[in-house]
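Here's the letter readout for the chains.
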Amino acid sequence: MTPLLEAEGLVKRFPMRHPLTRRVTGHLTAVDGVSLTVRRGETLGLVGESGCGKSSTARLITRLAEPTGGTIRFDGRDITTMGEATLRPVRRDLQMIFQDPFSSLNPRMTVEAILSAPFRYQGLKPEPGQIAELLRRVGLRPEHAERLPHQFSGGQAQRIGIARALALHPKLVVCDEPVSALDVSVQAQILNLLRDLQEEFELSYVFIAHDLGAVRQVCGRIAVMYLGTVVEIADRDELFAHPAHPYTAALLAAVPIPDPRIERARPRVVLSGDLPSPANPPSGCPFRTRCPRAAERCALERPTLAEGAPGHRVACHFPLDTSLGLSRDGARRAGPRPAKGAP
Amino acid sequence: MTLLDVKDLRVSFGETRAVDGLSFSLERGRVLGLVGESGCGKSVTSLAVMGLLNGATTSGEIWFDGQELLGSDRRAVRRLRGDRLAMIFQDPLSSLNPYYPVGFQIAEAYRAHRRTSRKQARAIVVRMLDRVGIPEAERRARDYPHQFSGGMRQRVMIAMALCLEPELIIADEPTTALDVTVQAQILALLDTLRAEYGTAVLLITHDLGVVAGTADEVVVMYGGRAVERGEVHALFEDPREPYTRRLLAAVPRIDRPVPDRLETL
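Chain B carries the name ABC-type dipeptide/oligopeptide/nickel transport system ATPase component in an unreviewed UniProt entry, which gives Nonomuraea dietziae as its organism. The record in UniProt for chain B states the following under Subcellular location (unreviewed entry): "Cell membrane". Entered under Sequence similarities (unreviewed entry) in the UniProt record, the comment concerning chain B runs "Belongs to the ABC transporter superfamily."

Within an unreviewed UniProt entry, the label attached to chain A reads Peptide/nickel transport system ATP-binding protein, and the organism entered is Nonomuraea dietziae. Taken from UniProt, the Sequence similarities (unreviewed entry) comment for chain A reads in full: "Belongs to the ABC transporter superfamily."

The next subject is the overall build of chain B. Within chain B, the secondary structure is distributed over eleven helices and ten strands. Taken over the C-alpha trace, chain B has a radius of gyration of 19 Å; the compact-globule value for 265 residues is 18 Å, and the two agree within 12%. For chain B, the spread of C-alpha atoms along the principal axes amounts to about 55 × 45 × 35 Å. Taking all 265 residues of chain B together, 46% fall into the buried category.

Moving on to the sheet that holds strand β12 (residues 313-314) of chain A. Residues and elements named next belong to chain A. Spatial ordering of the open sheet is given by β6-β7-β8-β3-β9-β10-β12-β11, a layout of eight strands whose pairing is mixed. Whereas interior strands pair on both sides, the edge strands pair on one side only; in this sheet they are β6 (94-97) and β11 (306-307). Where strand β3 (residues 43-47) and strand β8 (residues 204-209) come together, five bridges link them in parallel fashion. Bridge pairing in β8 links valine 47 to alanine 209. Running over the sheet, helix α5 (residues 154-166) touches β6 and β7 (172-176) and is turned about 175° from β6.

Let us now look at unusual backbone geometry. If you check the backbone angles, leucine 227 of chain A has positive phi at about 50° while not being a glycine. Overall, leucine 227 of chain A belongs to the buried group, with 24 C-beta atoms counted inside 10 Å.

Across the contact, 38 residues belong to chain B and 36 residues belong to chain A. Only α7 (150-162), α8 (180-197), α9 (208-214), α10 (232-237) and α11 (242-249) of chain B provide two or more residues apiece to the side of chain B that touches chain A. Taken together, the residues of the side of chain B that touches chain A sort by class into 20 nonpolar, eleven polar and seven charged.

When the UniProt feature table is mapped to this numbering, "domain: ABC transporter" (unreviewed entry) covers residues 4-248 of chain B. The distance separating the terminal C-alpha atoms of residues 4-248 of chain B is 27 Å; by composition the span is 40% helix and 27% strand.

All names here are of chain A. If you check the domain split of chain A, you get domain 1 (5-219) and domain 2 (245-333). Put simply, the middle of domain 1 and the middle of domain 2, counted by C-alpha atoms, are 29 Å apart. Tallying the contact residues gives nine residues for domain 1 and six residues for domain 2. If you list the elements that add at least two residues to the side of domain 1 that touches domain 2, you get β2 (24-38) and α7 (212-218). It is β2 that contributes the most residues to the side of domain 1 that touches domain 2, four residues altogether. Among the residues making up the side of domain 1 that touches domain 2, the classes are represented as four nonpolar, four polar and one charged.

In this section: the pairing of strand β7 (residues 168-172) of chain B. All names here are of chain B. By the criterion of burial, β7 is predominantly enclosed, with five of the five residues buried. Alternating positions in β7 separate into two faces, Leu168, Ile170 and Asp172 on one and Ile169 and Ala171 on the other, with burial throughout. Relative to β7, strand β6 (residues 85-88) runs parallel, the two sharing four bridges. Bridge pairing in β7 links isoleucine 88 to alanine 171. Across five bridges, β7 lies against strand β8 (residues 200-205) in parallel orientation. By the bridge assignment for β8, alanine 171 is matched with leucine 203. One crossover worth recording links β7 to the parallel β8 by way of α8, and it is right-handed.

Calculation rules
- Residues numbered from 1 in each chain as written.
- Chains lettered and ligands numbered in written order.
- Predicted model: local features only at pLDDT ≥ 70, side-chain atom pairs only at ≥ 80, totals over all residues.
- UniProt positions renumbered as here; feature names shortened; annotations may be inferred.
- Helix = DSSP H or I, 4+ residues; strand = E, 2+ residues; numbered from the N terminus.
- Rg over C-alpha atoms; globule rule 2.2 N^0.38 Å.
- Buried ≥ 20, exposed ≤ 12 C-beta atoms within 10 Å, placed from the backbone.
- Pairing = 2+ DSSP bridges.
- Contact = placed C-beta atoms within 7 Å.
- Axes fitted to C-alpha atoms, helices over the stretch in contact; angles between N-to-C directions.
- Nonpolar A, V, L, I, M, F, W, Y, C, P; charged D, E, K, R; others polar.
- Domains from an automatic or database assignment.
- Right-handed = clockwise from strand over helix to strand, strands pointing away.

Next up, the structure:
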């Protein structure tokens, strides 16, 4: 079966303009040659720190932004350059959930109107009782239909956003940081809900988050992004157990673990410095300026994604030794590590 | 020795009770983590200690080094604030003035409490910026907040908070707006500086992982009260209260097998 979504060499470049003359002074490459596939029924995670291009990638694959280069095939059709009119039927199957539930809901519209909007957009009308059923499905009550967004808590508002995305039974839902604005307990509820809905509606997700714990909870495969490129992609358990890219290992090691014994035993700072500006990226490997393993070659030649273990691809000239799971210095960097005394 | 002693603090805004009978104390040089979800009253507590609450009804006592703050007049609190008590906020961009260079702003804070020449203040600013890990401190002191990254801006805030060598720093979600790798850098920096200056820290956060790595003692808040408190190892190993237990279980952890469903409250 063909994958549900295939993105090939996606590029998004934004012109940078002088603040007064508006003259184009250069270009910022937010997404720099990203290739991804989403299989039917799977959840692909996209992780990385702010500015790594994960949200821009989301906006490209949902065609909320026009790609500068590359192709996007969704459900067997090339949607890369489709106009809004031809995209309209495609949008039934391709939905999105946003980070801030309140700013993605119109404050003047009742929940009923918000949930009817996808139908209206497609020239349809919800069946009687369909809105009530949607609300029930996401854990709200039918009488909530008459309320306005401000009458809800953050978690409830996010449930409305989820109901809206599911209204037309889409095939793919792109979730852009769906839980990062929520408290942990509410976050857990939403993650559980997303999982239940996936089973019930046979959904595929692209799940974007900077929180590796949340990503690990819901994703089957994970792509790690850095400065507009995918630096590593693997199945979840493989990625967490054997991170091959030094950036992935550093990212894992920096996630605080809520256990003082473990947390205090780990080295805390694994990466020095800041993310370079995407307007002025380093030559060669984008990560080399912060990489503990960087060598001369890294400045000259940009590494491409190459397969190590089956299904595990990494863009690095000097990957951590994945065959052993832990390389000599990777063992200290890669978190989580076995408890002391373990073989 | 007790530096900060909060007794039966109550804060309400009209009918809403934000803090409802909270007591805790903090020793010199120690780190107390105040954790809880949004609306539990943790930030209001920090503002109460700093004397920055407007339009709120407060009762109870806040003792700082033998001086009661809630009943003190504003001028006395102002003399302490910034000098012996300092604060670091979540969002450094909105706590720095975009119109002035960062060095100017740090010097301003310093000279509000110490009689020094501009030149002397300037030297202290550069030394502090260097101390918090800002490269080329001399030149960077003349830069404006927007010219710094999020992590660098938080370093500037830390330099500002520490330039007067306060006895207590209140850090309200100091790393929440930062990426994990930068968060790790800032937490390590706070740790080093705290040890060097012997500063006590009241760390306010929703992140149990950050507390586990940083705090000596923990107070878990819910609905304006402390539901559980204890030494950090004891509290994480054997949480007594159901709320604490469920809060811990709700965090997806990367060092444990993936559960089928997450615990919800």
